[in-house]
Amino acid sequence: MNDGSKFLIALDDGHGMETAGKRTPVFPEGGFMKENEFNSRVVEILNEELKRCGFRTLLTAPTDKDTSLYDRVKKANDADVDLFLSVHANAFKGEWGDWGGITTFAYVADETSKRYGQIIHKWLMKGTEMRDRGVKDGSWLYIVRKTKKSIPTILVECGFMDNLREARLLITEAYRKECAVELAKAICEIFNVEYVKEEKSSKLYKVQVGAFRVKNNALRLAKELRGKGYDTYIVEDEVDETK
Ligand SMILES: [Zn+2]
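Residues numbered from 1 in each chain as written. Predicted model: local features only at pLDDT ≥ 70, side-chain atom pairs only at ≥ 80, totals over all residues. Heavy atoms only, no water.

The name an unreviewed UniProt entry gives the protein chain is SPOR domain-containing protein, with Lottiidibacillus patelloidae as the organism.

This is how it looks when you write it as C-alpha cells:
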C-alpha cells in the first residue's frame, strides 16, 4: 500500500455558479438546479475524503466565480498533478427527456488515462442504479487536449440534468455524497492507497448545567437556557439520602 501523501490530485468542479445555461429545466414543482451546485458539492466532499486518505489535493476552481478552462489546466500543469479529475452533470436537450446515465471520458489512446477512466467508471456505476454509457474517448475535450500528456485527465458526467429522475438525484446530498465516496474509492484503487472511512461516532455527549433540590429552580434555569436557544430538558432523579 502507498502513502497517499505521495500523490497530488487536481479536483475540478465543472463550470461556475454564474455559467449561463448549465442547469436543469424547471422542475414540475418549480425551481431548478445549476450544474455547478452539484459539481462543487461533490468536489467539496471528495476533497475531504481524499485528504482523510492522506492525498494532497489541488482545487482548480475553488471560488463560485467562473474559472476559465485555461486557468484550470494551467494550475494542474504547473503543479504537475498525478491526476486531473473534472466532475460534471450531463445535459442533452435542456428539456425533460428519457436519455440518461453515467459517462466517463478519458484519453483512451493513452493506456494510463484509459485504465484510470475504467477504474473510476467501475466505481461510479456502483450504488444507485444508473444507465451505463461507458468510458468514452475525451480527446476532443479542452482539458484533455491541454493538460500535459503525462497527466491522466478524466471527466465524469454523473447523470443527466434533463432527465427528471436523475435531476431529482443530482439535487440530493445523498447522491452527491455517494458519487464523492465512489470517486474517492476509485482514486484509492488507482494509486493503491488504503481507503479510510469517515468516522461516525455512536456516542452522544451531553452537557449538564445544574442539579436542584427545588423543582422551580430547575424550571427557571431551563427557561432561561431555552431563551438563549439551547435545547433543554429536565430529568428527575431519585436522591439516595442514606449516602
Ligand atoms: Zn458540465
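What follows picks up the thread again.
## Describing the pairing of strand S2 (residues 56–59)
Where strand S1 (residues 8–13) meets S2, four bridges bridge the pair, whose relative direction is parallel. Looking at S2, one finds that Ile9 is bridged to Thr57. For the handedness criterion, the β-α-β arrangement of S1, helix H1 (residues 35–52) and S2 is classed as right-handed. (Pairing = 2+ DSSP bridges. Helix = DSSP H or I, 4+ residues; strand = E, 2+ residues; numbered from the N terminus. Right-handed = clockwise from strand over helix to strand, strands pointing away.)

## What about the packing of H1 against helix H6 (residues 173–191)?
At their nearest, the axes of H1 and H6 sit 8 Å apart, and the two run at 45 degrees to each other. Viewed along their axes, H1 and H6 adopt a mutual orientation that is oblique. Regarding H1 and H6, the two cross each other, and that crossing is right-handed. Residue-level inspection shows Glu37, Phe38, Arg41, Val42, Ile45, Leu46, Glu49 and Leu50 of H1 in contact with H6, the latter providing Glu173, Tyr175, Arg176, Lys177, Cys179, Ala180, Val181, Leu183, Ala184 and Ile187. When the residues that make up the contact of H1 with H6 are grouped by side-chain class, the tally is twelve nonpolar, no polar and six charged. (Axes fitted to C-alpha atoms, helices over the stretch in contact; angles between N-to-C directions. Parallel < 35°, antiparallel > 145°, perpendicular 65-115°, else oblique. Left-handed = near helix turned anticlockwise from the far one by under 90°. Contact = heavy atoms within 4.5 Å. Nonpolar A, V, L, I, M, F, W, Y, C, P; charged D, E, K, R; others polar.)

## Some details on the sheet that holds strand S6 (residues 153–160)
Here six strands make up an open sheet; going across it, the order is S2-S1-S3-S6-S4-S5 and the pairing mixed. Every interior strand has two partners, whereas the edge strands, S2 and strand S5 (132–137), have only one. Strand-to-strand twist across the sheet, computed as the mean angle between neighbouring axes with direction ignored, equals 20 degrees. With respect to the sheet, H1 is in contact with S1, S2, strand S3 (83–90) and S6, its orientation differing from that of S3 by roughly 145 degrees. The sheet strands contacting H6 are S1, S3, strand S4 (102–106) and S6, and the helix crosses S3 at an angle near 155 degrees.

## Concerning the layout of surface pockets
Space inside the largest pocket adds up to approximately 920 Å³. The wall of the largest pocket is formed by 24 residues, among which Gln208, Gly210, Tyr233, Ile234 and Val235 lie closest to the centre. Each residue belonging to the lining of the largest pocket can be placed in one class, and the counts come to 14 nonpolar, three polar and seven charged. If you add up the space inside the second largest pocket, you get close to 330 Å³. Lining the second largest pocket are 22 residues; nearest its centre among them are His15, Lys22, His88, Leu155 and Glu157. When residues in the lining of the second largest pocket are grouped by element, the largest group, four residues, is from S3. Per-class residue counts for the lining of the second largest pocket are ten nonpolar, seven polar and five charged. (1 Å grid on protein atoms, 1.4 Å probe; cavity = no way out; pocket = protein on both sides within 12 Å on 5 of 7 lines; lining within 4 Å. Points joined across faces, edges and corners; volume = space filled by probe spheres on them.)

## Brief notes about the side chain of Thr104
Relative to the elements of secondary structure, Thr104 occurs in strand S4. The residues contacting Thr104, other than those within four sequence positions of it, are Gly117, Ile120, His121, Leu124, Gly134, Val135, Lys136, Ile154, Leu155 and Val156.

## Quick word on the packing of helix H3 (residues 111–124) against H6
Axis separation between H3 and H6 bottoms out at 8 Å; the angle between their running directions is 145 degrees. Judged by the twist between their axes, the crossing of H3 over H6 is right-handed. Every residue of H6 that contacts H3 at Tyr116, Ile119, Ile120, Lys122, Trp123 and Leu124 is listed here: Cys179, Glu182, Leu183, Lys185, Ala186, Glu189, Ile190 and Phe191. A class-by-class count of the residues in the contact of H3 with H6 yields ten nonpolar, no polar and four charged.

## A short note on the nonpolar core
Counting residues in each nonpolar core, the largest one holds 42 residues, and the members touching the most others are Phe38, Phe55, Leu85 and Phe191. Secondary structure elements with two or more residues in this core: S1, H1, S3, S4, H3, S6, helix H5 (164–170) and H6. It is H6 that contributes the most residues to this core, ten residues altogether. Discounting residues that sit within four places of it in the chain, Phe191 has contacts with Asn2, Phe7, Ile9, Phe55, Asp82, Leu83 and Tyr116. By size, the runner-up hydrophobic cluster in this structure holds 13 residues, among which are Leu58, Val73, Phe84 and Phe105. (Core = buried A, V, L, I, M, F, W, Y, C linked by side-chain atoms within 4.5 Å. Buried < 20%, exposed > 50% of the residue type's maximum accessible area, 1.4 Å probe, protein only.)

## As for the pattern of salt bridges
The final tally for this structure, using the stated rule, is ten salt bridges. Ionic pairing is found between Asp80 and Lys148, a salt bridge with its closest N-O pair at 3.2 Å. Of the two residues, Asp80 sits in the loop between helix H2 (69–79) and S3 while Lys148 sits in the loop between helix H4 (142–146) and S6, which places them 68 residues apart along the sequence. Relative accessible area serves as the criterion here: at 44%, Asp80 is assigned to the partly exposed category. (Salt bridge = Lys/Arg side-chain N within 4 Å of Asp/Glu carboxyl O.)

## Considerations on the domain arrangement of the protein chain
Domain boundaries in the protein chain define domain 1 (4–191) and domain 2 (202–238). Look at where the C-alpha atoms of domain 1 and domain 2 centre, and you get two points 48 Å apart. (Domains from an automatic or database assignment.)

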